[in-house]
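The primary structure of each chain is shown beneath.
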Amino acid sequence: MLELNFSPFTQIKTERLLLRRVTNADAPELLFLRSDETIMKYIDREKLKSLEEAAIFIKTIDEAINNNEKIMWGIALKDKPNNLIGNIGFWRFINQHYRAEIGYMLHPDFWNKGIMQEALLATIDFGFKEIKLHSIEAHINPENIASGNVLEKCGFIREGYFKEDYYLKGKFIDTVVYSLLAK
Ligand SMILES: CC(C)(COP(=O)(O)OP(=O)(O)OC[C@H]1O[C@@H](n2cnc3c(N)ncnc32)[C@H](O)[C@@H]1OP(=O)(O)O)[C@@H](O)C(=O)NCCC(=O)NCCS
């Protein structure tokens, strides 16, 4: 059985990026990420509506990390470590099966520069080597071509198509499931 322990919190560095813990000071950037129409277009979740909601979101994530239920990193450029430009993390752990789901988002000013690929590869490596996952899944909206392509670039295989398995705001939405196995 997978035994999760996210304390102390591990920062991850890549060539250009610092993946670090999200703090209260990130609330304005997180509010933007979780409310911007372009970013949220294919993220089938409720948008954040205020700084207060962003602060509550950060607190919830913080508690989940402390309770070893989820882990989320804020993405920043190494030379601007305080400026949150995205986030990435694992959630929905199935400890019995050494499996978790990965999720991520990035500020549109930084799209198409290979940033998420860089963040994903480092996070996946951490997931397999440090968390000891055996497999990682990603659920995406079938119309989210960018996300599917990033996943495929990182070695994920498209394994399933679920019809109308997700209900949001009066509509049933399809899901594509990708997964990656530990080598
Ligand atoms: C999906 C997302 C994270 C991609 O981030 P990114 O940093 O722009 O992606 P990268 O630059 O690392 O791209 C890696 C590969 O993905 C593909 N890709 C990226 N954006 C693409 C786009 N808009 N259309 C088609 N392919 C795209 C390319 O094949 C690229 O490889 P290349 O550089 O060799 O051409 C970003 O578009 C985003 O945050 N979208 C909104 C949030 C979201 O949908 N999150 C995922 C929820 S499941």
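Residues numbered from 1 in each chain as written. Predicted model: local features only at pLDDT ≥ 70, side-chain atom pairs only at ≥ 80, totals over all residues. Heavy atoms only, no water.

Undergrad: So what's going on with the pattern of salt bridges? Residues and values would help.
TA: On inspection of all chains with the given rule, the structure shows nine salt bridges. Taking the shortest distance from any N to any O, the salt bridge between arginine 20 and aspartate 26 comes out at 2.9 Å. Taken individually, arginine 20 and aspartate 26 each receive the classification buried, so the pair is uniform in this respect. Arginine 21 serves as the salt-bridge partner of aspartate 62, at 3.0 Å between the closest nitrogen and oxygen. Of this pair, aspartate 62 sits in helix 3 (residues 51-66) while arginine 21 is found in the loop between strand 2 (17-20) and helix 1 (27-33), placing the two residues 41 residues apart along the sequence. By relative accessible area, arginine 21 is classed as partly exposed at 23%. (Salt bridge = Lys/Arg side-chain N within 4 Å of Asp/Glu carboxyl O. Buried < 20%, exposed > 50% of the residue type's maximum accessible area, 1.4 Å probe, protein only. Helix = DSSP H or I, 4+ residues; strand = E, 2+ residues; numbered from the N terminus.)

Undergrad: For the packing of aromatic side chains, give the residues involved together with the corresponding values.
TA: With the rule as written, the count across this model stands at six aromatic pairs. Both rings, one in phenylalanine 9 and one in tryptophan 73, keep their centres 6.1 Å apart while their planes meet at 55°; by these two values the pair is tilted. With a gap of 64 residues between them, phenylalanine 9 in the segment before strand 1 (12-13) and tryptophan 73 in strand 3 (residues 71-77) connect regions that are remote in the sequence. Here the two residues phenylalanine 9 and tryptophan 73 agree in accessibility, since each one is buried. Following the ring pairs from residue to residue traces out a cluster consisting of Phe6, Phe9, Trp73, Phe90, Phe93 and Phe126. (Phe/Tyr/Trp six-rings, centres within 6.5 Å; stacked < 30°, edge-to-face > 60°.)

Undergrad: I'd like a description of the sheet that holds strand 5 (residues 99-106), backed by residues and values.
TA: Strand order in the open sheet made by the eight strands is 1-2-3-4-5-6-8-7, with mixed pairing throughout. Of all strands in the sheet, those bounded by a partner on one side alone are strand 1 and strand 7 (157-168). (Pairing = 2+ DSSP bridges.)

Undergrad: Kindly report on the pairing of strand 4 (residues 86-94), identifying the contributing residues and their values.
TA: Inspection of the sheet shows strand 3 paired to strand 4 by five bridges, in the antiparallel sense. Bridged to glycine 74 within strand 4 is asparagine 87. Pairing of strand 4 with strand 5 involves seven bridges; the strand directions are antiparallel. Opposite glycine 89, over in strand 5, you have glycine 103 as the bridge partner.

Undergrad: Break down the packing of helix 4 (residues 115-129) against helix 5 (residues 145-153) for me, citing the residues and quoting the values.
TA: The N-to-C vectors of helix 4 and helix 5 enclose an angle of 50°; their axes lie 10 Å apart at closest approach. For the element pair helix 4 / helix 5, the angle class is oblique. Like other packed secondary-structure pairs, helix 4 and helix 5 cross with a definite hand, here right-handed. Contact residues: Met116, Gln117 and Leu120 in helix 4; Val150, Leu151 and Lys153 in helix 5. Grouping the amino acids of the contact of helix 4 with helix 5 by side-chain chemistry returns four nonpolar, one polar and one charged. (Axes fitted to C-alpha atoms, helices over the stretch in contact; angles between N-to-C directions. Parallel < 35°, antiparallel > 145°, perpendicular 65-115°, else oblique. Left-handed = near helix turned anticlockwise from the far one by under 90°. Contact = heavy atoms within 4.5 Å. Nonpolar A, V, L, I, M, F, W, Y, C, P; charged D, E, K, R; others polar.)

Undergrad: Can you lay out the layout of surface pockets for me, pointing to particular residues and giving the numbers?
TA: One water molecule sets the probe size; rolling that probe over the atoms shows where empty space is left. Looking at the second largest pocket, its volume works out to about 260 Å³. Together, 14 residues line the second largest pocket, and Lys41, Asp44, Leu168, Lys171 and Ile173 are the ones closest to its centre. When residues of the lining of the second largest pocket are traced back to their parent elements, those giving at least two are helix 2 (37-40) and strand 8 (171-181). Counting residues per element, the lining of the second largest pocket draws most heavily on strand 8, which supplies three residues. In terms of residue class, the lining of the second largest pocket is made up of six nonpolar, one polar and seven charged. (1 Å grid on protein atoms, 1.4 Å probe; cavity = no way out; pocket = protein on both sides within 12 Å on 5 of 7 lines; lining within 4 Å. Points joined across faces, edges and corners; volume = space filled by probe spheres on them.)

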